[in-house]
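So the chains spell out like this:
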Amino acid sequence: MKKITIAIDGHSSCGKSTMAKDLAREIGYIYIDSGAMYRCCTLFCMQRGLVNPDGTIQTAELERLMPEIHVSFRFNAETGRPDAYLNGVCVEREIRTMEVSSHVSPVAAIPFVRAAMTAQQQAMGREGGIVMDGRDIGTAVFPHAELKIFVTASDEIRAQRRYDELVAKGEKPDFNAVLANLRERDHIDSTRAVAPLRQAEDALVLDNSHMTIPEQKQWLIDRYKERIED
Ligand code: CDP
């Protein structure tokens, strides 16, 4: 059977990665979390002191150091999902902190950062058989993907999901700070000049505000089967 390309885009913390990962496992495809790649670039900026006190990024220095950023993924049998590695070091935990979340959107808006990550993502998906989630997968990375999904949910529900996730990892987040961060990221992601977050014209929309994880998983498997039968 021909292996297709599946692009899952949408707002921050709406459960895209859970859906994408579950589908990939079910159908034997590769799963790539493109947001993790931008988070790795952000962690690199933090480690190298490239984040100014006002939150702006030292772009000239970052551009010079870009060739030193190597992001890769390795499957973690314990969690059943790939862990992100920055220059050979597992940074799965570090990249999910609120601190990285608060700097990632400005980093991801930098055109040369996007160009580098997009090229890597396209190389990963060259053979098809991939589920990739992010903001611009159906519009910029794989505009010819056979199946495109655009996921959303209400702000409060998304913030609650992210809050619960952080608590489960041992962080002590402030709910209002989580909500403010996701609104701010949505704003920056949707208004940036290069590859802004928007729904591709041929994407199917899913509002999963009131869906359970098994329900959204089934919804996505059904869409995949429909597309494969076409
Ligand atoms: O987990 P969450 O949905 O909150 O975010 P993420 O998927 O980990 O992405 C983190 C950030 O990376 C986003 O807020 C965007 O600024 C950026 N991103 C992007 O610009 N393009 C992508 N394809 C994926 C993520």
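Above this note sits the structure.
Residues numbered from 1 in each chain as written. Predicted model: local features only at pLDDT ≥ 70, side-chain atom pairs only at ≥ 80, totals over all residues. Heavy atoms only, no water.

**Student:** Explanation requested: the pairing of strand β4 (residues 81–86) in the structure shown.
**Tutor:** Each regular strand displays side chains that alternate between the two surfaces of the sheet. Of all 6 residues in β4, 6 are buried, a share of seventy percent or more. Both strand β3 (residues 71–76) and β4 contribute to a ladder of 6 bridges, which runs antiparallel. Its bridge partner being in β4, Arg74 is matched across the sheet by Asp83. The antiparallel pairing of β3 with β4 creates a hairpin that spans 4 residues between the two strands, and Gly80 there sits at a positive phi of about 75°. Bridge analysis of β4 against strand β5 (residues 89–90) gives 2 bridges, and the strand direction is antiparallel. When the bridges of β5 are listed, Leu86 appears paired with Val89. What sits between β4 and β5 in their antiparallel hairpin is a turn of 2 residues, with Asn87 showing a positive phi close to 50°. (Buried < 20%, exposed > 50% of the residue type's maximum accessible area, 1.4 Å probe, protein only. Helix = DSSP H or I, 4+ residues; strand = E, 2+ residues; numbered from the N terminus. Pairing = 2+ DSSP bridges.)

**Student:** Would you mind going over the sheet that holds strand β7 (residues 147–152) with me for this structure?
**Tutor:** Strand pairing in a sheet relies on backbone hydrogen bonds. The paired strands run either parallel or antiparallel. Taken in spatial order, the 5 strands line up as β2-β6-β1-β7-β8 in an open sheet, and their pairing is parallel. The open sheet is flanked by β2 (30–33) and β8 (204–207), the only strands paired with a single partner. Strand-to-strand twist of the sheet, defined as the mean angle between neighbouring strand axes without regard to direction, takes the value 20°. Bridge analysis of β2 against strand β6 (residues 130–134) gives 4 bridges, and the strand direction is parallel. Each residue of the ladder has a partner; that of Asp33, found in β6, is Asp133. Along the sheet, helix α2 (residues 34–47) makes contact with β2 and β6, crossing β2 at roughly 40°. (Axes fitted to C-alpha atoms, helices over the stretch in contact; angles between N-to-C directions. Contact = heavy atoms within 4.5 Å.)

**Student:** Explain the layout of surface pockets to me, please; I cannot follow it from the model alone.
**Tutor:** To find leftover empty space, a probe the size of one water molecule is rolled over the atoms. There is about 1,000 Å³ of room inside the largest pocket. Take the lining of the largest pocket: its biggest share by element is 5 residues, from α2. The volume enclosed by the second largest pocket comes to roughly 200 Å³. Around the second largest pocket sit 13 residues that line it, and Tyr29, Ile30, Tyr31, Phe75 and Pro82 are the ones nearest its centre. For the lining of the second largest pocket, the secondary structure elements donating two or more residues are α1 (16–27), β2, β3 and β4. A class-by-class count of the residues in the lining of the second largest pocket yields 8 nonpolar, 1 polar and 4 charged. (1 Å grid on protein atoms, 1.4 Å probe; cavity = no way out; pocket = protein on both sides within 12 Å on 5 of 7 lines; lining within 4 Å. Points joined across faces, edges and corners; volume = space filled by probe spheres on them. Nonpolar A, V, L, I, M, F, W, Y, C, P; charged D, E, K, R; others polar.)

**Student:** I would appreciate a short explanation of the site of the ligand in the present structure.
**Tutor:** The environment of the ligand is formed by 19 residues, the closest being Arg39, Arg114, Asp136, Asp189 and Arg192. In this structure, a nitrogen atom belonging to the ligand sits 3.1 Å away from a main-chain N or O atom of Arg135. In this structure, Arg185 approaches the ligand through a side-chain N or O atom, which is 2.8 Å from an oxygen atom. Its free accessible area being 530 Å², the ligand has 96% of it covered by the protein chains. Judged by the fraction of its atoms near the pocket grid, the ligand is located in the largest pocket. The biggest single contributor to the shell around the ligand is α2, with 4 residues. When grouped by side-chain class, the residues that make up the shell around the ligand number 4 nonpolar, 6 polar and 9 charged. (Near = heavy atom within 4 Å. Polar contact = N/O pair within 3.5 Å; in protein donor to acceptor, adjacent residues only side chain to side chain. Areas by Shrake-Rupley, 256 points an atom, 1.4 Å probe, with all protein chains shown as cover. Sits in = over half its atoms within 2 Å of the grid points.)

**Student:** Even after reading the chapter, I still don't get the packing of α1 against helix α9 (residues 213–229), so can you show me in this structure?
**Tutor:** Packed helices, taken two at a time, are described by their axes: the angle between them and the distance between them. Contact geometry of α1 with α9 gives a least axis separation of 10 Å together with a crossing angle of 55°. One finds that α1 runs oblique with respect to α9. Where α1 crosses over α9, the two elements pack in a sense that is right-handed. Judged by residue contacts, Thr18, Met19, Asp22, Leu23, Glu26 and Ile27 of α1 engage Ile213, Gln216, Lys217, Trp219, Leu220, Ile221 and Tyr224 from α9. (Parallel < 35°, antiparallel > 145°, perpendicular 65-115°, else oblique. Left-handed = near helix turned anticlockwise from the far one by under 90°.)

**Student:** Looking at this model, I keep getting lost on the nonpolar core. Mind explaining?
**Tutor:** Taken as a class, soluble globular proteins show a tendency for nonpolar side chains to be buried jointly. In terms of nonpolar packing, the biggest core is built from 35 residues, with Leu62, Ile69 and Val113 touching the most fellow members. At the level of secondary structure, the elements contributing two or more residues to this core comprise α2, α3 (59–65), β4, α4 (98–108), α5 (111–124), β6 and α6 (137–141). For this core, the element with the highest residue contribution is α2, accounting for 8 residues. In terms of nonpolar packing, the next biggest core, distinct from the first, is built from 20 residues, Cys14, Leu23, Trp219 and Leu220 among them. (Core = buried A, V, L, I, M, F, W, Y, C linked by side-chain atoms within 4.5 Å.)

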